[in-house]
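Chain by chain, the residues:
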Amino acid sequence: MNALGQLDHAVNFGLEELTRLRISGTVTEVTPTYYRINGLSNFVKLGECIGINHGESTQLAEVVRIDATGSTVKTFEAQVAAGLGDTAYRIGPLHVAPDASWKGRVIDALGRPIDGAGALRRGEHASPIESPPPAALRRARVKTPLKTGVRIIDLFMPICAGQRIGVFAGSGVGKSTLLGMMAASKGFDSVVISLVGERGREVREFLDDSLGANRKVAVTVVATGDESPMMRRLAPKTAMTIAEFFRDRGENVLLIVDSVTRFAHAARDVALAAGEPAVARGYAPSVFSDLPKLLERAGPGEEGSGSITGIFSVLVDGDDHNDPVADNIRGTLDGHIVLDRAIADQGRFPAVNILTSISRLAQHVWTKEQQVLVMKLKAMIARFEDTRDLRLMGGYQPGQDGDLDQAVALVPKLYDSVVQSPTSPMSRDAFLELAEALQAQ
């Protein structure tokens, strides 16, 4: 072998040996919420993953803080298993490699199958879990109307392909049921769902009952409430990465995240473990920067690609719609659907408050005549609700106010016409159905 051949052999052997080397450190502190690692501070970055060897098992963790004395990491597992002196080694940023064959599957936040249907096929390209949204000036415009099949939404707060809209509600007001009805819409090529912090029993109910036939085109990412904050924080990002894969294939994707509030709760737990101060109702500053980073990734892709229509549920703590998280999300999205407990108590579902809900892109859906009609209907509803106490006290006399007479005659019919359950037929033409209901005697 000549000198050049010997050099080539030596280089190849050195590269093979290099792949076997690992930068490692040692666990020096164990708490219920995080580990401290010495020896990795100069080699890792925030957000990268490390592995911690404990006996014959390995725990996966993420770096959440780096300082001169060591690194703070949080494990993706709910149980604290590592001990002092255990070896920790650098892995690098998390990636997921989606494939079209993932449709119909249920996975966890790390991209591992949990539906018992066998291994997942790995896609050709691995995408980082943390990625920026498309550049603002290269994004396509949002103006293609969509029909959700939910009558009250298609009438009063219609949405477009690529729009991002929030469903704001307290607990037990029908939020998940409404999301399930919207997930059953036929206007999408793919559906990606992230169930964050849900009760374990609700996962099967959502998959079997709410999705129904659409389950075969849906990828579901699940992180239940008993899983670690790291998994609950990661699940929406994994779902977003999968949605971006289908968007880049030119598909019209529906992304549902239930709920963004539990993502914020998990991000708060991670931020507090990293030593951040609590600035607003216990939330650390990084939570309010993490929310736009996630939400902005939804929407239209670059010209020539598909779009991600994002529906994000927001669990309003204590029915306070001015909660810092709810307020931050409302300002980022392209509209909001507010579910009202008082309406739910009356047995009207979906319990949407027509007067406080809005779609900022409705002008691309309504014709001029429809827009005028909707404004008149909203004014009529406002008049009906403002005089509710007066009418209950017997202060209303027919014939004294023509506009109020019209509201009293028509608004109850309007309310009845928009009542819809998951077992009801999907709406085909919301305005025609409304006209038929108002004309009925």
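This text follows the structure it describes.
Residues numbered from 1 in each chain as written. Predicted model: local features only at pLDDT ≥ 70, side-chain atom pairs only at ≥ 80, totals over all residues. Heavy atoms only, no water.

1. Overview of the overall build of the protein chain
And then number 1: Counting secondary structure elements, the protein chain contains 13 helices and 19 strands.
And then number 2: If one aligns the C-alpha atoms of the protein chain with their principal axes, the spans along those axes are about 105 × 45 × 40 Å.
And then number 3: For the protein chain, with 441 residues in total, the buried portion stands at 49%.
And then number 4: For the protein chain, restricting intrachain contacts to residue pairs at least 6 apart in sequence, the fraction spanning at least 24 positions comes to 71%.
And then number 5: Carbon and sulfur atoms form 52% of the exposed surface of the protein chain, whose accessible area is close to 20,800 Å².
And then number 6: With 48 positive and 53 negative side-chain charges, the protein chain shows a separation of 2 Å between the mean positions of the two kinds. (Helix = DSSP H or I, 4+ residues; strand = E, 2+ residues; numbered from the N terminus. Buried < 20%, exposed > 50% of the residue type's maximum accessible area, 1.4 Å probe, protein only. Contact = heavy atoms within 4.5 Å. Areas by Shrake-Rupley, 256 points an atom, 1.4 Å probe, with all protein chains shown as cover. Lys, Arg positive; Asp, Glu negative; His and termini not counted. Charge placed at Lys NZ, Arg CZ, Asp CG, Glu CD.)

2. Quick word on the layout of surface pockets
And then number 1: Within this model, the largest pocket holds a volume of roughly 670 Å³.
And then number 2: Those elements that place two or more of their residues in the lining of the largest pocket are strand 4 (57-67), helix 5 (229-248), helix 6 (260-273) and helix 7 (285-295).
And then number 3: Ranked by residues supplied to the lining of the largest pocket, first place goes to helix 7 with five residues.
And then number 4: When grouped by side-chain class, the residues that make up the lining of the largest pocket number 18 nonpolar, four polar and nine charged.
And then number 5: Considering only enclosed or pocket space, the second largest pocket measures out at about 400 Å³ in volume.
And then number 6: Lining the second largest pocket are 22 residues, with Lys175, Ser176, Thr177, Glu198 and Glu202 sitting closest to its centre.
And then number 7: Every element with two or more residues in the lining of the second largest pocket is listed here: helix 3 (175-183) and helix 4 (200-211).
And then number 8: It is helix 4 that contributes the most residues to the lining of the second largest pocket, seven residues altogether.
And then number 9: When its residues are assigned to classes, the lining of the second largest pocket shows six nonpolar, seven polar and nine charged. (1 Å grid on protein atoms, 1.4 Å probe; cavity = no way out; pocket = protein on both sides within 12 Å on 5 of 7 lines; lining within 4 Å. Points joined across faces, edges and corners; volume = space filled by probe spheres on them. Nonpolar A, V, L, I, M, F, W, Y, C, P; charged D, E, K, R; others polar.)

3. Points about the side chain of Thr261
And then number 1: Tracing the sequence through the fold places Thr261 in helix 6.
And then number 2: Thr261 sits in the buried class, given a relative accessible area of 1%.
And then number 3: Apart from residues lying up to four places away in sequence, Thr261 is in contact with Ser313, Val314, Leu315 and Asp317.

4. Regarding helix 13 (residues 430-439)
One turn of an α-helix holds 3.6 residues; hence residues three or four places apart share an orientation.
And then number 1: Three or more residues of helix 13 are buried, namely Ala430, Phe431 and Leu434. One face of helix 13 carries all of its buried residues, which in axial projection span an arc of 95°.
And then number 2: For helix 13, the secondary structure elements touched by its buried residues are helix 2 (151-156), helix 10 (368-386) and helix 12 (402-417). (Arc of directions from axis to C-beta.)

5. Re the nonpolar core
And then number 1: In this structure, Phe156 and Ile337 are the most contacted members of the largest nonpolar core, which totals 54 residues.
And then number 2: When near neighbours in sequence (up to four residues on either side) are disregarded, Ile337 contacts Ile153, Met157, Ile165, Gly166, Val167, Phe168, Leu178, Val352 and Ser357.
And then number 3: Counting 47 residues, the second largest nonpolar core, distinct from the first, contains Ile107, Val192, Ile242 and Val314. (Core = buried A, V, L, I, M, F, W, Y, C linked by side-chain atoms within 4.5 Å.)

6. Some remarks on empty space enclosed by the protein
And then number 1: Tallied over the full model, the rule gives two cavities of 30 Å³ or more.
And then number 2: Its volume calculated, the largest cavity comes out at about 40 Å³.
And then number 3: Lining the largest cavity are Leu94, His95, Val96, Ala109, Leu110, Gly111, Ile129, Leu234 and Thr238.
And then number 4: At the level of secondary structure, the elements contributing two or more residues to the lining of the largest cavity comprise strand 7 (95-96) and helix 5.

7. Observations regarding unusual backbone geometry
Residues apart from glycine generally show negative phi values, whereas peptide bonds are mostly found in trans.
And then number 1: Note the cis peptide between Asp258 and Ser259, where omega equals 5°.
And then number 2: A positive phi angle, near 50°, is found at Arg281, a position not held by glycine.
And then number 3: Among the secondary structure elements, Arg281 is positioned in the loop between helix 6 and helix 7.

8. Some points on the pairing of strand 18 (residues 335-338)
And then number 1: Burial along strand 18 is two-sided: Gly335 and Ile337 facing one way and His336 and Val338 facing the other are all buried.
And then number 2: Pairing analysis gives three bridges linking strand 12 (residues 164-169) to strand 18, with the strands arranged parallel. Bridge pairing links Val167 to Ile337 in strand 18.
And then number 3: Sheet topology places strand 18 next to strand 19 (residues 358-359); two bridges connect them, and they run antiparallel. By the bridge assignment, His336 is partnered in strand 19 with Ile358. (Pairing = 2+ DSSP bridges.)

9. Some points on the packing of helix 10 against helix 12
And then number 1: Running from N to C, helix 10 and helix 12 cross one another at 100°; their axes reach a closest spacing of 9 Å. In terms of axis orientation, helix 10 runs roughly perpendicular to helix 12. In contact with Leu377, Met380, Ile381, Arg383, Phe384 and Glu385 of helix 10, helix 12 contributes Asp403, Leu404, Gln406, Ala407, Val408, Leu410, Val411, Pro412, Leu414 and Tyr415.
And then number 2: Here the contact of helix 10 with helix 12 is built from residues that sort into twelve nonpolar, one polar and three charged. (Axes fitted to C-alpha atoms, helices over the stretch in contact; angles between N-to-C directions. Parallel < 35°, antiparallel > 145°, perpendicular 65-115°, else oblique.)

10. Brief notes about the packing of helix 5 against helix 6
The axes of two packed helices give the description: the angle between them and the distance between them.
And then number 1: Between helix 5 and helix 6, whose axes approach to 8 Å, the crossing angle comes to 130°. Taken together, the axis directions place helix 5 and helix 6 in an arrangement best described as oblique. The interaxial crossing formed by helix 5 with helix 6 has left-handed handedness. In this structure, helix 5 contributes Pro229, Met230, Arg232, Arg233, Pro236 and Lys237 to the contact, and helix 6 contributes Arg262, Phe263, Ala266, Ala267, Asp269 and Val270.
And then number 2: A breakdown of the residues in the contact of helix 5 with helix 6 according to their chemical character gives seven nonpolar, no polar and five charged. (Left-handed = near helix turned anticlockwise from the far one by under 90°.)

11. With respect to the sheet that holds strand 3 (residues 49-54)
Hydrogen bonds along the backbone pair up the strands of a sheet, which may run parallel or antiparallel.
And then number 1: Strand order around the closed barrel formed by six strands is 1-2-5-4-3-6, with antiparallel pairing between neighbours. Going from strand to strand, the sheet's axes swing by 45° on average, the running direction of each strand aside.
And then number 2: Judged from the six bridges that link them, strand 3 and strand 4 form a sheet pairing that is antiparallel. Within the sheet, the bridge partner assigned to Cys49 lies in strand 4 and is Glu62.

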